[in-house]
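# Survey of secondary and tertiary structure
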Amino acid sequence: MCGICGIFNVDGRPVAESSIKKMASTMVHRGPDGEGVFVKGSLGLGHRRLAIIDLDTGAQPMATRDGQLQVVFNGEIYNFLELKKDLQNRGHVFQTKSDTESILHAYREWGLDFVKHLRGMFAIALWDERKKHLVLARDRIGKKPLYYLADGNKLVFGSELKAVLAAPGVPRNLDHAALDCYFSYGYVPSPLSIFKQIRKLPPAHAAICSREGFKSWRYWKLNLEPDTDYGREEDILDQLVQLFDESVKIRMISDVPLGAFLSGGVDSSAVVASMAVQNPGFSVKTSAIGFSDKKFDELEFARKVARLYGTDHTEFIVEPDALDVIEKLVWHFDEPFADSSAIPTFYVSRMARKKVTVALSGDGGDENFAGYASRYSMTAFEDKVRRKIPSFFRKGVVQRIGRFYPRLDNFPRPLRLRSFLQNIGVSADVAYFRDMSFYFRPEDKLELFRREYLRMTEDADPAEFLGGYFREAANADQLSRAQYVDMMTYLPEDILVKVDRMSMANSLEVRAPILDHVFMEYVAGLPASLKLRNSESKYIFKKMNEGRLPPEVLYRKKQGFCVPLSDWMKNGLKQFAEDTLFSGGILNEFCEQEKLQKLWQGHQQGREDNSHQIWALLMLELWHEKFADNRF
């Protein structure tokens, strides 16, 4: 795991080595074990290394023997040994034991299609001296980030936004469309970044930059239409466990200490069980986070799994008084980011790093196996109702009735009658946008924000970010469409961003076996009834693990990895949050102060739970102070 950066001056101007070093220095946390720089004429490549595989000869930038290809790479190629054997049979001669070298030879063998042969997580920048072009590529699911600026004269890229900002002449103009997406989702989705001139290469995309210009393309797409020939359930279980164990096994290749996150939920417990079953006598080093508020604490279930498999287990209780951690969150996320579960993710990463350099996680189980049962069930139910009611009646009478009901977002979803009535009055993708707008819905924005802000964002359409993916999965059933949208949006833009930034803040590599693309492709072809059966989420995945995990772990109510934010905002974080919200910064420009006070007081007086909206505003204010105002 590493940090990469670089500059390619398309107009031929020479790149200064000092510029590359400055960019790389912003990412020491991603690669504390070494720095590498390659500068030649109009090209400069930089690398910060966290040594995982081939500790002796795996340094980057790495070149082919003839010097015609240069690469910097962040991530891991899990099939590099298989690739190496194949390429050696084709006449390629390797100089190292590193997975990085397999990228160079794969490109030489297959050209721009090289990325389709890679199985892993990666962000790659590869220079072809003969063709005078720079190739960028990002893994299929988006585990590893890649920011870039391409203005026709130069290409600047980096694993983190702060690395791009450290290059000379990079502007910091706020992108109001990106900001509007942030207020809806709590993150800025690809290809946008919070700054107008800087973009993010989306997952499963590659790009090429040369004197002819910059162009990108998508090289992979997940197909969620069920395979009609999937066989008996017993056969599916056999195939599923075989693919899952293989995915775990190849992620245990490491030349440094390796462990796992263990939340006590189904997904992380399944990963730990697979690690232990495949390696008898190996004591897995597990790390778990808990809270003093038992409604959010899963430690007892993590302990059950730890005892069952004899893991070397460590725990930590998260408290709301860690203001220094909030400052770290702002710095490491680079953009406004409102998912408060970043706090325990930071702590579990910090704790794990004391014992290991690599940790396996259970990320992706909810999206692959329909783990968000309440939301997915209601989405499917709403669609059935929507199809039975004439359009004119839905959009007129039903939706208007819905406006008279109080908003009950803090209730279990089946009890939110207003949300249900309003959702069936619109199309499935618009309804899903309303449900995924965790922070501010369109009507909330009209209520809270000043007219000046609303004018700046009047052309923005956050709903289209989801709508495009809904249309891509138009032929799938409604549950599969919702899963697909989550896998293309919430998973890479929220969950994986959170895990990458918080683990890398602690120089820890995290690998996610459930997000192996071969495993995902098989699961995607299974019928929806094997993922969500009646009200039981992850049906087939739980069935697969019945021989490995106890029922009280597999079949308990889903808890989720979240923090007691509502209570924290009234107690431990109250003064800090209030001082920040009303500090006279960017929120003073965007928000009607009377309405902001109403939002704050409504939460403090217990009339409403506005903690997530308050946290989103708080993180924006802190981000603006750090990145938009300061020139680090």
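See the structure shown above.
Quick notes on the rules
- Residues numbered from 1 in each chain as written.
- Predicted model: local features only at pLDDT ≥ 70, side-chain atom pairs only at ≥ 80, totals over all residues.
- Heavy atoms only, no water.
- 1 Å grid on protein atoms, 1.4 Å probe; cavity = no way out; pocket = protein on both sides within 12 Å on 5 of 7 lines; lining within 4 Å.
- Points joined across faces, edges and corners; volume = space filled by probe spheres on them.
- Helix = DSSP H or I, 4+ residues; strand = E, 2+ residues; numbered from the N terminus.
- Nonpolar A, V, L, I, M, F, W, Y, C, P; charged D, E, K, R; others polar.
- Pairing = 2+ DSSP bridges.
- Contact = heavy atoms within 4.5 Å.
- Axes fitted to C-alpha atoms, helices over the stretch in contact; angles between N-to-C directions.
- Buried < 20%, exposed > 50% of the residue type's maximum accessible area, 1.4 Å probe, protein only.

Our next topic: empty space enclosed by the protein. The final tally for this structure, using the stated rule, is 8 cavities of 30 Å³ or more. Its boundaries defined by the atoms lining it, the largest cavity holds a volume of some 140 Å³. Residue lining of the largest cavity: 16 residues in total, with Y147, K200, E335, V497 and R501 positioned closest to the centre. The leading source of residues in the lining of the largest cavity is helix α20 (residues 490-504), at 4 residues. Of the residues assigned to the lining of the largest cavity, the class counts are 10 nonpolar, 1 polar and 5 charged. Taken together, 15 residues form the lining of the second largest cavity, with C2, I53, Q60, D99 and T100 sitting closest to its centre.

Two pairing modes exist for strands in a sheet, parallel and antiparallel, and in both the strands are linked by backbone hydrogen bonds. Pairing is antiparallel across the open sheet formed by 6 strands, whose spatial order is β2-β3-β1-β9-β8-β10. At either margin of the open sheet sits one strand with a lone partner, and together these are β2 (34-40) and β10 (199-200). Bridging between strand β1 (residues 2-9) and strand β9 (residues 154-158) involves 5 bridges; their strand directions are antiparallel. Bridge pairing in β9 places N9 opposite K154. Across the sheet, helix α1 (residues 17-25) is in contact with β1, β2, β3 (43-49) and β9; its angle to β1 comes to roughly 150°.

Within β1, 8 of the 8 residues are buried, which leaves it mostly tucked inside the rest of the structure. Of the two faces of β1, the one lined by C2, I4, G6 and F8 and the one lined by G3, C5, I7 and N9 are each fully buried. One ladder, built from 7 bridges, connects β1 with β3; its direction is antiparallel. From the neighbouring strand, C2 faces β3, where its bridge partner is R49.

The subject of this paragraph is the sheet that holds strand β5 (residues 69-77). Strand order across the open sheet formed by 6 strands is β4-β5-β6-β7-β11-β12, with antiparallel pairing between neighbours. The open sheet has two edge strands with one neighbour each: β4 (62-63) and β12 (213-218). Alignment of strand β7 (residues 133-138) against strand β11 (residues 205-210), held across 4 bridges, turns out to be antiparallel. Bridge pairing in β11 links L136 to A207.

Shape descriptors only; they carry no functional weight alone.
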